[in-house]
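Now for the letters of each chain:
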Amino acid sequence: MGKKVRDKVHLIHRWIEDGSMGTLEEMEMKDQEVLVFKSSEDGVSLRKRDEICEELGNLFRPKPNLSVLNQGGKGLTVPPNDEAWEEADEIHLMNNELSELPDTPNCPHLRVLLLQANPFLTVIPPSFFEHMISLQILDLSYTRIRSLPKSLFKLSELRNFLLRGCELFMEMPSEVGELSNLEVLDFEGTEIVSLPLEVGKLSKLKCLRLSFYGEDEDGRKNSWSSTTIIPDNVIRKLFQLQELSIDVNPEDERWNVIVKNIIKEVCSLNRLKALKLYLPEFVLLTDFMLNGVSFLTLLRFNFIVGGHLRRIISRLPLEPMLKFQQQQRCLKYVNGEDVPVEIKEVLQHATALFLDRHLTLRSLSEFGVENMKKLRVCVMMECKETQSIVDEAEINEQEIVLGSLEYLSIHYTKNLKSIWKGPVQKGCLSRLKSLALRACPELTTIFTLDLLENLYNLEELVIENCPKIDTVVAHELLPAEEIQLCSVKHLPKLRKIYLHYMQNLVTISSGLCIAPEVEWMSFYGCPNLKTLSPMDVLSSNSKGIVGEVDWWNNLTPKVWPKNPNFTFFPVKGATELMKKLAEIGDQLHQ
């Protein structure tokens, strides 16, 4: 087994250990060399790279004589008895309802302790870790603990320590510096106030994830009096870091004071491969280049650029945000004006772009087609001047635009009139799998015939609160041409169509044959859609239509799909609609 293969397997193993992969997540390594795998209720399926699959099989094959106490997800309210702790090499107690732990369990052989997702766990006994001298992996994520006992800092063998999502945890003790063998320290999603100077002693640290809590929007400060978030030279001393994530409150002025210095320290980390940072001004991106760092050297990055207020509640649905965050190289540009060169430079390497409230952008193509060749995910919200996604006047003839884009989601863009302005070249948007358009009150055109012919990979279409739309497909053809096109099946991979709150919608396909493989359709708040053409519901795969009872009863003529198992699902009100669509979503992603 070559060293390169073993290194990749070790990386996958570390992701699993430190919680980067969940039980129903899909994880894809995209640096062309590794593999794609999915975990499911039936286990882990692996594809590509036979040698890696073989080594992973060896890695996860049960070890002889290894005692594992697996009580995860069983609804426990009381921890296992003392004898069970004493014999175990690994204890899995995640996803339970534990509210207490034994005072001083005697478990000298224990290597792995998983306690994450116990929402009633608030206190850890002072001597709890006293006899866990062999502990290497500890996960206390998504509990409600506020502090850590002194006995934890005697765990000299501890390698991975996770405290993700502990929102009540506010102070990282200075004793953390005594955990000299620590390789992963994950405090993402906590509300710690500052990083202790002693973290600089963790010379073996390879992964550091932090979240800081500062001043809120009302100027209310926390009760801690720290004047700096991260002391000077702490990051620089962690010379083995391969991953660094620093999440801060954008309203915390302490970060604005130190961010330039943090960038310099980050640039000194020669082994860094993954980075997440908030940059209040786009010009700070230049500091990376001035310090000799190319974005090409990072396998993963997530930059949030632009000053803004912290949102307690976002109008953006969860799915677009998750799609964005799942990408390897993410750029979020907030409250932007114009298209700075610095943003273009990062965009050339980005696989995901989130434009949040851009103030002047008239079309996405203003960023330059050449800078978006790697883009797979694009999310836009509240870009008030945007009128089209692509304007043909801004691109060269025969140029393939957004040829890698798979997911496009646009929200609350009040002046958007069309997806594409002008002629569409072959290959443009040809990999698009999902399109969502929400709350675009001026939108009049979604698919022209030219654009429709390129969307042969589209699987999901969601359109909501776009009141000026009267048809999803707009075309003007002579009768002979129209007859010929009726035999062509457009959108061959489309599986779901959701059309909601579209008062002027009259037809879906304007007589064209679309979506021959569609499985699910949902129509809600579309009072003028009084006919479903056989072209719209042609699929023998159709499983159901979701809609209001009165709307369904008034359809003329009644056209039933060919699938004998087809069902109409009546819903009353938005809550019932969302519940049903969530159920369908679960089925589609199985």
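All values reported here derive from a predicted model rather than from experimental measurement.

### Some remarks on the overall build of the protein chain
Moving on, step 1. Looking only at helices and strands, the protein chain has twelve helices and 29 strands in total.
Moving on, step 2. The 590 residues of the protein chain split such that 51% are buried.
Moving on, step 3. Long-range pairs, those at least 24 residues apart, make up 61% of the contacts in the protein chain with a sequence separation of at least 6.

### Brief notes about the nonpolar core
Moving on, step 1. Formed by 148 residues in total, the largest nonpolar core has its most connected members in Leu113, Phe161, Ile230, Trp255, Phe288, Phe303 and Phe447.
Moving on, step 2. Here this core takes seven residues from helix α5 (residues 253–267), the largest share from any one element.
Moving on, step 3. Discounting residues that sit within four places of it in the chain, Phe303 has contacts with Leu275, Leu277, Leu279, Leu285, Phe288, Phe295, Leu298, Cys330, Leu331, Lys332 and Val346.
Moving on, step 4. The next biggest cluster of nonpolar side chains, apart from the first, holds eleven residues, and it includes Val462, Tyr498, Leu577 and Ile584.

### Some points on empty space enclosed by the protein
Moving on, step 1. Per the counting criterion, the structure on display carries two cavities of 30 Å³ or more.
Moving on, step 2. Its boundaries defined by the atoms lining it, the largest cavity holds a volume of some 50 Å³.
Moving on, step 3. Lining the largest cavity are Glu319, Tyr407, Ser434, Ala436, Arg438, Glu460, Val462 and Lys496.
Moving on, step 4. The set of elements that each furnish at least two residues to the lining of the largest cavity consists of β20 (434–438) and β22 (460–464).
Moving on, step 5. Among the elements that line the lining of the largest cavity, the one with the most residues is β20, at three residues.

### Quick notes on the packing of aromatic side chains
Moving on, step 1. Taken as a whole and assessed by the stated rule, the structure comprises 13 aromatic pairs.
Moving on, step 2. An angle of 70° between the planes, with centres 5.7 Å apart, marks the rings of Phe324 and Phe354 as edge-to-face. One end of the pair, Phe324, is in helix α7 (residues 318–325); the other, Phe354, is in strand β15 (residues 352–356), and 30 residues separate them in sequence. Accessibility assignment for this pair places Phe324 and Phe354 in one class, buried.
Moving on, step 3. Among the aromatic residues, ring-to-ring pairing joins Phe523, Trp551, Trp552, Phe566 and Phe568 into one connected group.
Moving on, step 4. Arg315 extends its terminal NZ or CZ atom over the ring of Tyr412, reaching a point 3.8 Å from the ring centre.
Moving on, step 5. Over the ring of Phe569 we find Lys580; its NZ or CZ atom is 3.8 Å from the centre of that ring.

### Looking at the state of the cysteines
Moving on, step 1. Inspection of the entire model under this criterion finds zero disulfides.
Moving on, step 2. Looking at the unpaired Cys383, the closest cysteine sulfur is the one in Cys378, lying at 8.5 Å.
Moving on, step 3. Since its relative accessible area comes to 0%, Cys383 is described here as buried.

### Re the confidence of the model for the protein chain
Predicted coordinates in areas of low pLDDT are best not read in detail.
Moving on, step 1. Summary statistics for the protein chain give a mean pLDDT of 85 and a share of 82% for residues scoring 70 or more.
Moving on, step 2. This stretch, residues 1–10, has a pLDDT under 50; its non-local contacts, to residues over four places away or in other chains, come to 15 contacts.
Moving on, step 3. The low-confidence segment residues 13–49 (pLDDT under 50) makes 79 contacts with residues lying over four places distant or belonging to another chain.

### Comments concerning the pairing of strand β16 (residues 377–381)
Moving on, step 1. Burial runs high along β16: five of the five residues are buried.
Moving on, step 2. Neither face of β16 is left uncovered, since the one carrying Val377, Val379 and Met381 and the one carrying Cys378 and Met380 both have all their residues buried.
Moving on, step 3. By the bridge criterion, five bridges tie β15 to β16 in an arrangement that is parallel. When the sheet's bridge partners are listed, Phe354 is paired in β16 with Val379.
Moving on, step 4. The pairing of β16 with strand β18 (residues 407–411) spans five bridges and is classified as parallel. Paired with Met380 across the two strands is Ile410, which belongs to β18.

Reading guide: rules and limits
Residues numbered from 1 in each chain as written. Predicted model: local features only at pLDDT ≥ 70, side-chain atom pairs only at ≥ 80, totals over all residues. Heavy atoms only, no water. Helix = DSSP H or I, 4+ residues; strand = E, 2+ residues; numbered from the N terminus. Buried < 20%, exposed > 50% of the residue type's maximum accessible area, 1.4 Å probe, protein only. Contact = heavy atoms within 4.5 Å. Core = buried A, V, L, I, M, F, W, Y, C linked by side-chain atoms within 4.5 Å. 1 Å grid on protein atoms, 1.4 Å probe; cavity = no way out; pocket = protein on both sides within 12 Å on 5 of 7 lines; lining within 4 Å. Points joined across faces, edges and corners; volume = space filled by probe spheres on them. Phe/Tyr/Trp six-rings, centres within 6.5 Å; stacked < 30°, edge-to-face > 60°. Lys NZ or Arg CZ within 6 Å of the ring centre and 35° of its normal. Disulfide = S-S within 2.5 Å. pLDDT = per-residue confidence, 0-100. Pairing = 2+ DSSP bridges.

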